Amino acid sequence: MTALLELDGLVKRFPVRDALGRRAGAVHAVDGVSLSVAQGEVLAIVGESGCGKSTLGRLMLNLITPDAGSVRFGGDDLVKLSPAALRAKRRDMQLILQDPFASLDPRMTVEQAVAEPLRLHRIVPRDQERAEVAGLLSRVGLRPELARRWPHEFSGGQRQRVAIARALASRPKLIVGDEPVSALDVSVQAQVVNLLGDLIRDLGLTFVLISHDLGVVRHVADRVAVMYLGRIVEEGPAEAVLSAPRHPYTRALLAAVPGHGTKAPPIDGDVPSPIAPPPGCRFHTRCPFAEAACREAAPALTAPPHRVACHLDGRLPPAAPRAERLAGGERLKRLQSFFRAPGPQPGVPRP
Ligand SMILES: Nc1ncnc2c1ncn2[C@@H]1O[C@H](COP(=O)(O)OP(=O)(O)O)[C@@H](O)[C@H]1O
Ligand SMILES: [Mg+2]
């Protein structure tokens, strides 16, 4: 399989300023990520809030510039393209956000919102715009009559369908979905995940699905990459990563998913600050298996197809099946502790 997207050694740091506006360090949002996404593949990026998923997604689309590393899309290094060449490439890559209000202008009707990329990238002649919009709306399960309505007249699920239609309008090759269903009711989430799955298959899309929810990922991903504090700690075929996780962090994430059949020792403590990430393996401060080596040197990822960055790889017991079902209260507690946002960092604005 040929790679459509190849990330190599990506680094992105955000400056942190003190109360007087002086530079006082940096958030290590993405710190040395290399990944490739094959044509037609669905890659899921998972990890707790604040681990750098959205930053990585924006780097992939060159919406922000990396401090180091390269992003190759269809063979071109996006970081080095001229502004004009990059604009032309934009039609091939689209972003779907968690909150469709962020991508839909409240002053545009649905028709205008979906037609805008058609016009911008000259996809169809003007006189075919209306028919093209109607076709896109029915593709995402919306009646074409809804084209004259405004975004605020829709439910959350419908609005996300409009955002998907808009993303599809330029006939992209790659779509990055950043938590595309996280803001929706659970019942609606399944419908939108199914829609995305159908579109990916029918249109041969390459899709990067960013999610903190492993339950969502399980239904559509071909491959899964697990991030912790700006780095990939495990990556491989979805089946292997989700049913035979090798990194203690992946095991802990999975153990916190209700109904998942694995058991892992609980993890103590908070996610360390990305302003001063721990030396050695970034996970060592919370890892129940950490040894001296883990505090000293950062483990490298092993070779593909199932890559893992852990000094103890091969020496840990296999992920044991869950012996007993956790009681509801305990499960909730684990979920909360694993998926809790680290909270705003002092002096660091959330985007
Ligand atoms: N524009 C920004 N300026 C400063 N810090 C940022 C910015 N964007 C993200 N960060 C910080 O970078 C880290 C990673 O953020 P993000 O990529 O949004 O993580 P995730 O999507 O996994 O929740 C967080 O500590 C966040 O506060
Ligand atoms: Mg995010």
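Structure's up top.
Residues numbered from 1 in each chain as written. Chains lettered and ligands numbered in written order. Predicted model: local features only at pLDDT ≥ 70, side-chain atom pairs only at ≥ 80, totals over all residues. Heavy atoms only, no water.

J.: Tell me about the overall build of the protein, and name the residues and values.
T.: Per the secondary structure count, the protein includes twelve helices and eleven strands. Partitioning the contacts of the protein with sequence separation of at least 6, the portion at a separation of at least 24 is 67%. For the protein, the accessible surface area stands at approximately 16,400 Å², while carbon and sulfur atoms represent 53% of it. (Helix = DSSP H or I, 4+ residues; strand = E, 2+ residues; numbered from the N terminus. Contact = heavy atoms within 4.5 Å. Areas by Shrake-Rupley, 256 points an atom, 1.4 Å probe, with all protein chains shown as cover.)

J.: Go over the sheet that holds strand S4 (residues 68-73) with me, naming the residues and quoting the values.
T.: By definition, the strands of a sheet pair up through backbone hydrogen bonds, in either a parallel or an antiparallel sense. As summarised here, the arrangement of the four strands in space is S2-S1-S4-S5, forming an open sheet in which the pairing is antiparallel. The open sheet has two edge strands, strand S2 (23-38) and strand S5 (76-77), and neither has a second partner. Pairing analysis gives five bridges linking strand S1 (residues 3-17) to S4, with the strands arranged antiparallel. For Leu-7, the partnering residue across the bridge sits in S4 and is Val-71. (Pairing = 2+ DSSP bridges.)

J.: A description of the environment of Thr-285 should follow, citing residues and the corresponding values.
T.: For Thr-285, the position within the fold is in the loop between helix H10 (248-255) and helix H11 (292-296). By relative accessible area, which is 47% here, Thr-285 ends up partly exposed. When the C-alpha positions of Thr-285 and Val-271 are compared, they lie 8.8 Å apart, and in sequence the two are 14 residues distant. Excluding anything up to four places from it in sequence, Thr-285 contacts Pro-272 and Pro-278. (Buried < 20%, exposed > 50% of the residue type's maximum accessible area, 1.4 Å probe, protein only.)

J.: Requested: an account of helix H6 (residues 156-169), with residues and values cited.
T.: In a regular helix each residue adds 1.5 Å, so 14 residues correspond to 20 Å; H6 covers 20 Å between its end C-alpha atoms and thus fits that length. Of all 14 residues in H6, eleven are buried; the element is thus mostly enclosed. Listing the buried residues of H6 in full gives Gly-157, Arg-159, Gln-160, Arg-161, Val-162, Ala-163, Ile-164, Ala-165, Ala-167, Leu-168 and Ala-169. At its buried positions, H6 is contacted by strand S6 (93-96), helix H3 (100-103), helix H4 (110-120), helix H5 (129-139), strand S7 (174-178) and helix H7 (186-203). (Expected span 1.5 Å × (residues − 1).)

J.: Account for the pairing of strand S8 (residues 206-211), with residues named and values stated.
T.: For S8, a buried count of six out of six residues is recorded, marking the element as mostly surrounded by other parts of the structure. Neither face of S8 is exposed, since Thr-206, Val-208 and Ile-210 on one face and Phe-207, Leu-209 and Ser-211 on the opposite face are all buried. Where strand S3 (residues 42-46) and S8 come together, five bridges link them in parallel fashion. The residue of S8 that forms the bridge with Ala-44 is Leu-209. In this sheet, S8 lies alongside S7 in parallel orientation, the contact comprising five bridges. If you follow Leu-174 over to S8, its bridge partner there is Thr-206. The parallel pair S7 and S8 is bridged by H7, and the resulting crossover is right-handed. (Right-handed = clockwise from strand over helix to strand, strands pointing away.)

J.: Which residues make up the packing of aromatic side chains, and what are the values?
T.: Applying the stated rule across the entire model yields three aromatic pairs. Arranged with centres 5.0 Å apart and planes meeting at 80 degrees, the rings of Tyr-228 and Phe-283 form a pair that is edge-to-face. With a gap of 55 residues between them, Tyr-228 in strand S9 (residues 223-228) and Phe-283 in the loop between H10 and H11 connect regions that are remote in the sequence. By the burial criterion, Tyr-228 is buried, and Phe-283 matches it. Within the aromatic cluster, the residues linked to one another by ring pairs are Tyr-228, Tyr-249 and Phe-283. (Phe/Tyr/Trp six-rings, centres within 6.5 Å; stacked < 30°, edge-to-face > 60°.)

J.: With reference to specific residues and values, describe the side chain of His-28.
T.: Structurally, His-28 can be placed in strand S2. Among the polar contacts made by the side chain of His-28, one reaches the side chain of Arg-13 at a distance of 3.4 Å. Those residues in contact with His-28 that sit more than four places away from it in its chain are Lys-12, Arg-13, Leu-229, Gly-230, Pro-274, Ile-275, Pro-277 and Arg-282. (Polar contact = N/O pair within 3.5 Å; in protein donor to acceptor, adjacent residues only side chain to side chain.)

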